[in-house]
Amino acid sequence: MASLLVRHAAVLVTMDGKRREIADGGLFVRDGFIEAVGTHDELPVNADVVLDLKGHIILPGLINTHHHFYQTLTRAVPAAQNANLFNWLKTLYPIWAKMTPEDIYISTQTALAELALSGCTTASDHLYLFPNGSKLDDEIAAGREIGVRLQASRGSMSLGESKGGLPPDSVVDSEDAILEDTVRLIERYHDPKPGAMTQVVVAPCSPFSVTTELMRKSAELARQYGVHLHTHLAETQDEQAFCQQQFGYRPLAYMQSVDWVGQDVWFAHSVHINKEEVQVCAHTGCGVAHCPGSNMRLASGIAPLREYMEAGVKVGLGVDGSASNDSSSLLGEARQAMLLARLRAGIEGASLSGQDAPAIITARQVLELATIGGAAVLGRSDIGSLEVGKCADFIAIDLNNLDYAGALHDPVAALLFCSPQKVAYNVVGGKFIVKEGQLQTLDLPRHIEKHNQAAKRLVG
């Protein structure tokens with residue numbers, strides 16, 4: 001692999017232990033990993049490829065900790081526009097049941113293209129239904145074409161309506177088949193090494209769509225193979241009521257009862273979590289994928305982000321399903337996280353002066369969640385910051401945008417306070433995924449046409 005020298009960035013945000021922000025910064029890359037980070041004078045002079053980024057800001061690649069790629073096919077479906085989570089799901093399950101392997105492939109490329117253009121270099125996706133012969137392999141193949149790192153979560157649903165679950169029986173699978181396929185995927189695709197492009201995650205969908213037995217067996221399987229665990233949790237009040245009625249526990253306590261807590265576990269949403277449960281997450285090492293856009297879109301509630309951060313809970317950001325967010329913009333999600341946290345602080349008294357007023361979350365704190373926070377949630381120490389020895393995953397945004405005019409007193413904060421922009425460059429492992437604002441790995445106009453045809457066929 002060619003060496004790459006990036007130089008003369010207006011600001012390079014490292015997210016290292018000292019949170020250095022380097023003016024006239026750059027980095028030197030060889031074989032997909034960073035060999036030097038610093039000012040122009042501190043870097044080598046020559047490389048196979050030299051990229052001058054004067055007028056740009058460089059950040060570590062953003063990390064998406066929760067998504068459902070296939071849902072890009074069902075954005076803004078009229079019947080699901082004004083529904084809460086359970087009704088939204090019941091509306092869309094029959095549509096998703098018509099998907100084919102080609103639909104999974106196309107929708108994965110759409111989601112990853114949108115993510116890449118918004119600054120994402122690593123994405124975790126949660127695929128939990130497999131109609132008409134579709135497999136997680138379809139997603140992995142599509143992801144490799146785009147070139148973004150993929151945490152491919154083998155989701156599952158085994159608790160259909162006939163057994164007291166939410167999904168229709170037509171989209172659930174047998175538990176033996178689920179576990180057998182999960183083993184196959186781990187053994188075929190999971191790469192535990194630094195710099196891995198694909199890792200597999202064990203991910204039963206939710207407490208209301210899988211059995212207690214599958215939750216326990218999934219935890220055992222994941223720990224046998226040394227892979228991570230992921231599921232939805234405490235997203236809505238409906239879910240809380242379901243768990244208390246079905247299992248006699250609040251959602252997090254139910255997770256404890258099935259051995260689903262620990263450093264190898266992260267939960268999507270975790271909105272309806274009380275103060276004591278925040279401490280449980282902190283003490284056990286569970287991570288949280290914060291999905292503010294989806295939580296607002298489905299009227300699910302506001303997660304206790306400030307409390308998580310103050311307690312030391314690992315928190316990353318997730319754009320969540322593109323049918324419950326209707327976007328896959330990770331930089332946009334970071335802005336939503338900052339603004340929603342401030343709204344919650346205002347409701348709780350931040351607009352009042354005094355020592356007891358809640359702290360206001362800053363733009364830099366949210367950018368930490370989008371980078372090193374996400375890396376911690378996914379259990380990856382090789383990404384999330386720009387440091388020697390880490391993966392050469394970085395993005396560059398042109399500050400000479402109309403949207404940033406008048407905001408260059410603090411270009412780092414401007415990324416979230418101003419309207420989110422598409423990146424000029426997105427580099428993963430030293431390879432250009434986006435260059436001069438153009439996606440390098442997909443013919444977008446042709447692909448968009450194919451995607452819209454697939455969506456029309458499914459929705460009608």
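All figures in this text were calculated on a predicted structure; none of them were measured in a lab. (Residues numbered from 1 in each chain as written. Predicted model: local features only at pLDDT ≥ 70, side-chain atom pairs only at ≥ 80, totals over all residues. Heavy atoms only, no water.)

Things to note about the nonpolar core
Working step 1: Residues Ile57, Trp88, Leu89, Trp96, Met255 and Trp260 are the most contacted members of the largest nonpolar core, which totals 118 residues.
Working step 2: With eight residues, the single largest contributor to this core is helix α1 (residues 85-96).
Working step 3: Those residues in contact with Trp96 that sit more than four places away from it in its chain are Tyr70, Gln71, Thr74, Trp88, Leu89, Tyr128, Leu129 and Pro131. (Core = buried A, V, L, I, M, F, W, Y, C linked by side-chain atoms within 4.5 Å. Buried < 20%, exposed > 50% of the residue type's maximum accessible area, 1.4 Å probe, protein only. Helix = DSSP H or I, 4+ residues; strand = E, 2+ residues; numbered from the N terminus. Contact = heavy atoms within 4.5 Å.)

A few points about the layout of surface pockets
Working step 1: Looking at the largest pocket, its volume works out to about 240 Å³.
Working step 2: Classifying every residue of the lining of the largest pocket by side-chain character gives five nonpolar, seven polar and three charged. (1 Å grid on protein atoms, 1.4 Å probe; cavity = no way out; pocket = protein on both sides within 12 Å on 5 of 7 lines; lining within 4 Å. Points joined across faces, edges and corners; volume = space filled by probe spheres on them. Nonpolar A, V, L, I, M, F, W, Y, C, P; charged D, E, K, R; others polar.)

Here's the deal with the pairing of strand β12 (residues 287-290)
Working step 1: Taking every second residue as pointing to the same face, both faces of β12 are buried, with Gly287 and Ala289 on one and Val288 and His290 on the other.
Working step 2: Handedness of the crossover joining strand β11 (residues 265-269) and β12 through helix α8 (residues 275-284): right-handed.
Working step 3: By the bridge criterion, four bridges tie β12 to strand β13 (residues 314-317) in an arrangement that is parallel. What sits directly across from His290, in β13, is Leu317. (Right-handed = clockwise from strand over helix to strand, strands pointing away. Pairing = 2+ DSSP bridges.)

Observations regarding the packing of helix α2 (residues 101-117) against helix α14 (residues 444-459)
Working step 1: As a packed pair, α2 and α14 sit with axes 10 Å apart at the nearest point and diverge in direction by 130 degrees. Classified by the angle between their axes, α2 and α14 sit oblique to one another. For the crossing formed where α2 meets α14, the hand is left-handed. The segment α2 lies against α14, with Glu102, Asp103, Ile106, Ser107, Gln109, Thr110, Ala113 and Leu117 engaging Leu444, His447, Lys450, His451, Ala454, Arg457 and Leu458.
Working step 2: Here the residues of the contact of α2 with α14 are counted per class, giving six nonpolar, five polar and four charged. (Axes fitted to C-alpha atoms, helices over the stretch in contact; angles between N-to-C directions. Parallel < 35°, antiparallel > 145°, perpendicular 65-115°, else oblique. Left-handed = near helix turned anticlockwise from the far one by under 90°.)

So, the packing of aromatic side chains
Working step 1: Under the definition given, this model contains nine aromatic pairs.
Working step 2: With centroids separated by 5.1 Å and ring planes inclined at 90 degrees, the aromatic side chains of Tyr70 and Trp96 adopt a geometry described as edge-to-face. Residue Tyr70 is located in the loop between β6 (62-64) and α1, and its partner Trp96 is located in helix α1; the two are separated by 26 residues in the primary sequence. With respect to burial, Tyr70 and Trp96 carry one shared label: buried.
Working step 3: Centre to centre, the rings of Phe247 and Tyr254 are 3.9 Å apart; their planes meet at 5 degrees, and the pair counts as stacked.
Working step 4: Site record: aromatic cluster; members linked through ring pairs are Tyr70, Trp88, Tyr93, Trp96 and Tyr128. (Phe/Tyr/Trp six-rings, centres within 6.5 Å; stacked < 30°, edge-to-face > 60°.)

Some remarks on empty space enclosed by the protein
Working step 1: Within this structure, the stated rule accounts for five cavities of 30 Å³ or more.
Working step 2: Here the largest cavity defines a volume of roughly 120 Å³.
Working step 3: Along the wall of the largest cavity there are 15 residues; nearest its centre are Leu85, Leu89, Tyr128, His232 and Glu235.
Working step 4: For the lining of the largest cavity, the element with the highest residue contribution is α1, accounting for four residues.
Working step 5: Grouping the amino acids of the lining of the largest cavity by side-chain chemistry returns seven nonpolar, six polar and two charged.

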